[in-house]
Every structure is written in structure tokens, then in C-alpha cells.
Number of protein chains: 2
Amino acid sequence: MKDKRVHILDSAEALFAEKGFDGTSVRDIAGHAGVNLAMISYYFGSKEKLLVALIAHRSSYTHGILEELNKDEKLSPWNKIERLIDLYVDKIVNNYKFHCIMTMHLPTIQSDDIREMITDIKIRNFEQIKKIINEGQKNKVFRKVDMELTVGCVMGTLTQVTLSKSLYCRLMHIDKNDEEGYREKMIPKIKAHLKELLKAHLDIKNQN
Amino acid sequence: MKDKRVHILDSAEALFAEKGFDGTSVRDIAGHAGVNLAMISYYFGSKEKLLVALIAHRSSYTHGILEELNKDEKLSPWNKIERLIDLYVDKIVNNYKFHCIMTMHLPTIQSDDIREMITDIKIRNFEQIKKIINEGQKNKVFRKVDMELTVGCVMGTLTQVTLSKSLYCRLMHIDKNDEEGYREKMIPKIKAHLKELLKAHLDIKNQN
DNA sequence: GTTTAAATCAAACAACCGTTTAACTGCTTT
DNA sequence: AAAGCAGTTAAACGGTTGTTTGATTTAAAC
């Protein structure tokens, strides 16, 4: 069975997101995935390499989406911002467990390799968004803003909702255990909010 | 010596922020604080109770600041927003290690007591900010916005910068090991950005 | 100077950690 | 039928974990 690897990765993702990397034992993962303890070393080599495999596995999905968006010459900067938010919110809310791991572990993780890997992924995404805003500024439709913090604000809002899922479910009266309902209600809310926010923030007409 | 307790708390804070709760051993903390291993159990009872003591210790500082701000009747909603951002950014950037622990551990921590404690603190802060925005809306100077996500955006931006300190230092060309320089450059940047952002986002004249 | 209690310490505790071992399965290839 | 091999297993490995013990020091109270 080839999908036993995937099964282990899914279990690891759920447990890392819930209890953290150090808070999750290999025995936890094996038990959750219903495989023998030794299989994890057998398939992945070590717990740390399992995390690397998980990051590679999940990152490969979205790789290239942003690049495509940026190459589309027909879209105006405003359209690109809208598309960008749609893509990003979908991606992160649908994979919030993975996003949780990624943001929790950049400061925590000891391995230089993994930290660099995560940083590289974040910077790559960052550069793509920067391009869109730069284009809008060149076309005189976006005003001058603090680039790093504008991106940080979008990312941060998503991270905030993701990392404190149960808190935001409580605040917004969503059942946190109803995955389907969470996505249905949360995704359009966040999309609408971020679009409004950036529309007001970036519009050259709102120059202070 | 009474301040040996404080010394342990400081060491625990630094190590928890850097390596996470589960990634830090009691021996690490004892070594860093220069005290005997057994002193931690002696003073705090257990590692988990040490974390609770740390949260209580640091939370007591800022408790009440928001309440005072809200009671000040002379300030307009816009002034309150500005004051709020000043207070918040100072508080969080100056205590970024603690903020790091607080955000990292809400999803991770297993103990129901601690999770409830953190959630309560967050919700209390949340309610205070909500009050300010509500007042501005009643006075017809703020437009209607998604309350939860507007607050989440402010918190999230700060969390983003805090949790990915080294990434944002790299992006903004700040030496991440120079604490003084980090604060001097980062604090005004974040304050200015958040004020601009909220000004555009909340202003009733920018109704879409 | 004796008493009493708090503070400190090295050592030991059992439990758990990530990883490895070596035996054993089922299945394909010769 | 024998050989080979990936998949699977229970058991064991050495090391680390959080916590406790019991002896020893310190310092204040009488």
C-alpha cells in the first residue's frame, strides 16, 4: 500500500497542528495512523524528516499558483488583488492545520534546514504579492504604502484566525467542530473583509 | 533572595519563546537561570504551573490599561484608536517573547485551565477594542465593518511580525540581534502602518 | 547557643522519548 | 521449490523527561 505514507503524513499534520512538533510523539502519530511505530522510521527515516516530508508534500500543491496569477496580463492590479485574496484565503482556510504548523514552527524549530525551508517558502510568496502592489503603484491606482506590513497584515489576519481557530469560532458563533460549516461561513467573511480592507488601504484616492 | 523566582520566570520566558513549551526542558530553564533543577518544583510546583505563573506575572502588567483608555470621555473615537494602537504596539513589541508564547500556545497547550486563561485574556482585550469601534459607529464617524476581523487584523499584524521576527528583520533590513535597534525602527513603522490602515478602513467617507 | 524553618543541593526515580534491531510475514522472481 | 525482498512486527536500546527524595546549608527567632 502506497497510501500508508500519506496516511502517516495526514496523522502527523493533525497532531502537529494540535499539540505541536515537540508535543507529539512518534508513538502518537503511529497510533493515530494505525501503523506500527517502526514504520515511521522505515518510511521517513526520522521524526524530523517526517516534518520535512510533510512540508514538501503540502507545499507542492500551491507552488506555482501565484506565479500564474502574476503572469496573467489581462488582469488589472485591482483584479489581481481580488484574485490573490480568493486564492490565498481558500488555500489557508482549507489547509489551516498545515498553516498552523508552518507559522508555529518558524520560531520554534531548531533545525536550520527546516527553518530555512519555511523562510524560503514565505519569502517566495511574499515577493509575488509585492509584485502586484508594485505594478498597481506604477499604474497610479495604488498609493504608497508600507509594503512589508501591508503583506504582513493580510498574512497576519489569516494567521490570527487560523492559529486561534477556537477563539474566532466562539466570537463568531460558529461550531468549531463542524469543519464544513466553518469553511462555509469563514471563507466568504475573510475574503470580503480583506478585499474591503485593501481597497480602502491601497486606493490612491484615499491618500491621507 | 526573592528575585530568584523572577529570574526563573525570565529564563522560562526566553526559552519558551525560542524553543516552545515542550521543546524546553526544566533542566534548560534551571541551567539558563543558574539555579538548581529542584528549585523549579520547589518554587512553582511543576513545569506547567511555571507557565501559569509566567502568564499571570506578565498579564498583570497591562491589566487595566485598556479599561482606563475607554473611560476617558475627552477622547474622540479617532483619538482612542490612535492611543489604542500606541499602547498595543508598545506593549507587544516590547514583550514580544511573551506575546510569542501566548499565541503559540493557545492551540498547542493541553491543559484546559491554561487554555481558558489565555482565551479569557484575549477576549477581555477584544471587548475593549470593540467598545471603541462601536462608539465611533454610533457617532457616525466610523463605517460599518466586520468587527471580529478588524480586531483580528490589528492583532494578526502584530502577531505576524512578532512570530516571524527574524523574517521581518530580514525583509526590513534590521539586525535581529540588536534589540534596541529593532524596537526603535519597528515600533514607529508598525504604529504608522496600523493607524493609516485603520484610518482608511474605518472612515465613514470611504464607504464602498 | 540552640531551635526552627526555609533554601539549596546531588542523586535517584519511573516514565517516556526517538530510534534500531532482528525475526517474521506475504509475495514476486528465478 | 528456492531465493530475494519490501512490508511489518514486538521488543529492546540508550538517553532524556518531569518530579521527588533526603541530606545539607543558610539564616532568622528565641
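Residues numbered from 1 in each chain as written. Chains lettered and ligands numbered in written order. Predicted model: local features only at pLDDT ≥ 70, side-chain atom pairs only at ≥ 80, totals over all residues. Heavy atoms only, no water.

### What about the protein's contact with DNA strand D?
Okay, step 1: Taken together, 16 residues sit near DNA strand D, with Lys4 and Tyr42 of chain A together with Val26, Arg27 and Lys47 of chain B positioned nearest.
Okay, step 2: Of everything in DNA strand D that lies within 4 Å of the protein, sugar and phosphate atoms constitute 51%.
Okay, step 3: Within the side chain of Asn36 of chain A, one N or O atom sits 3.0 Å away from a phosphate oxygen of DNA strand D.
Okay, step 4: Contact between DNA strand D and Val26 of chain B: a phosphate oxygen at 2.8 Å from a main-chain N or O atom of the residue.
Okay, step 5: Going through the elements one at a time, α3 (38-44) of chain A together with α2 (26-33) and α3 (37-44) of chain B are the ones with two or more residues in the surface near DNA strand D.
Okay, step 6: Taken together, the residues of the surface near DNA strand D sort by class into 7 nonpolar, 5 polar and 4 charged. (Near = heavy atom within 4 Å. Polar contact = N/O pair within 3.5 Å; in protein donor to acceptor, adjacent residues only side chain to side chain. Helix = DSSP H or I, 4+ residues; strand = E, 2+ residues; numbered from the N terminus. Nonpolar A, V, L, I, M, F, W, Y, C, P; charged D, E, K, R; others polar.)

### What to know about the relation of the copies chain A and chain B
Okay, step 1: Least-squares fitting of chain A to chain B yields an RMSD of 0.1 Å, with the superposition described by an axial translation of 0.0 Å and a rotation of 180 degrees. The symmetry that links the two subunits is that of a two-fold axis. Rotation axis and chain A: the residue whose C-alpha lies nearest the axis is Gly156 of chain A, separated from it by 2.1 Å.
Okay, step 2: The fraction of interface residues of chain A whose copies in chain B are also interface residues reaches 100%, indicating that both copies meet through the same surface. (Least-squares fit on C-alpha atoms with pLDDT ≥ 70 in both. Contact = heavy atoms within 4.5 Å.)

### A few points about the protein's contact with DNA strand C
Okay, step 1: Taken together, the neighbourhood of DNA strand C is formed by 16 residues, with Val26, Arg27 and Lys47 of chain A together with Met39 and Tyr42 of chain B sitting nearest.
Okay, step 2: Within 4 Å of the protein, the atoms of DNA strand C are drawn from sugar and phosphate moieties in a proportion of 52%.
Okay, step 3: A distance of 2.8 Å is found between a phosphate oxygen of DNA strand C and a backbone nitrogen or oxygen belonging to Val26 of chain A.
Okay, step 4: Note that a base nitrogen of DNA strand C is positioned 2.7 Å from one of the side-chain N or O atoms of Arg27 of chain A.
Okay, step 5: If you list the elements that add at least two residues to the surface near DNA strand C, you get α2 (26-33) and α3 of chain A together with α3 of chain B.
Okay, step 6: Here the surface near DNA strand C takes 4 residues from α3 of chain B, the largest share from any one element.
Okay, step 7: Partitioning the surface near DNA strand C into residue classes produces 7 nonpolar, 5 polar and 4 charged.

### A word on the side chain of Arg143 of chain B
All names here are of chain B.
Okay, step 1: Looking at the secondary structure, you find Arg143 in the loop between α8 (112-138) and α9 (147-163).
Okay, step 2: The exposure class assigned to Arg143 is buried, which follows from its relative accessible area of 3%.
Okay, step 3: Looking at Arg143, its side chain comes within polar contact range of the main-chain oxygen of His201, at 2.8 Å. (Buried < 20%, exposed > 50% of the residue type's maximum accessible area, 1.4 Å probe, protein only.)

### A closer look at the interface of chain A and chain B
Where the parts come together, the accessible area they lose is often given as the size of the interface.
Okay, step 1: At the interface, 45 residues of chain A touch 45 residues of chain B.
Okay, step 2: For the pairing of chain A and chain B, the buried interface totals around 4,300 Å² over both sides, and the portion due to carbon and sulfur atoms is 64%.
Okay, step 3: Seen at the junction of chain A and chain B, the total is 4 salt bridges.
Okay, step 4: A salt bridge links Arg143 of chain B to Glu196 of chain A, with the nearest nitrogen and oxygen atoms 3.1 Å apart.
Okay, step 5: Linking chain A with chain B are 6 residue pairs in polar contact (both at pLDDT 80 or more).
Okay, step 6: Every element with two or more residues in the side of chain A that touches chain B is listed here: α1 (3-19), α7 (96-108), α8 (112-138), α9 (147-163), α10 (165-171) and α11 (179-202) of chain A.
Okay, step 7: By residue number, the principal contributor to the side of chain A that touches chain B is α9 of chain A, which donates 12 residues.
Okay, step 8: Class assignment of the residues belonging to the side of chain A that touches chain B gives a composition of 17 nonpolar, 17 polar and 11 charged. (Buried area = accessible area lost by both parts, 1.4 Å probe. Salt bridge = Lys/Arg side-chain N within 4 Å of Asp/Glu carboxyl O.)

### Concerning the nonpolar core
Okay, step 1: Counting residues in hydrophobic clusters, the biggest one holds 78 residues, and the most contacted among them are Ile133 and Ile190 of chain A together with Ile133 and Ile190 of chain B.
Okay, step 2: Other than its neighbours up to four places away in sequence, Ile133 of chain A contacts Ile81, Phe142, Val145, Met147, Thr150, Val151 and Leu202 of chain A. (Core = buried A, V, L, I, M, F, W, Y, C linked by side-chain atoms within 4.5 Å.)

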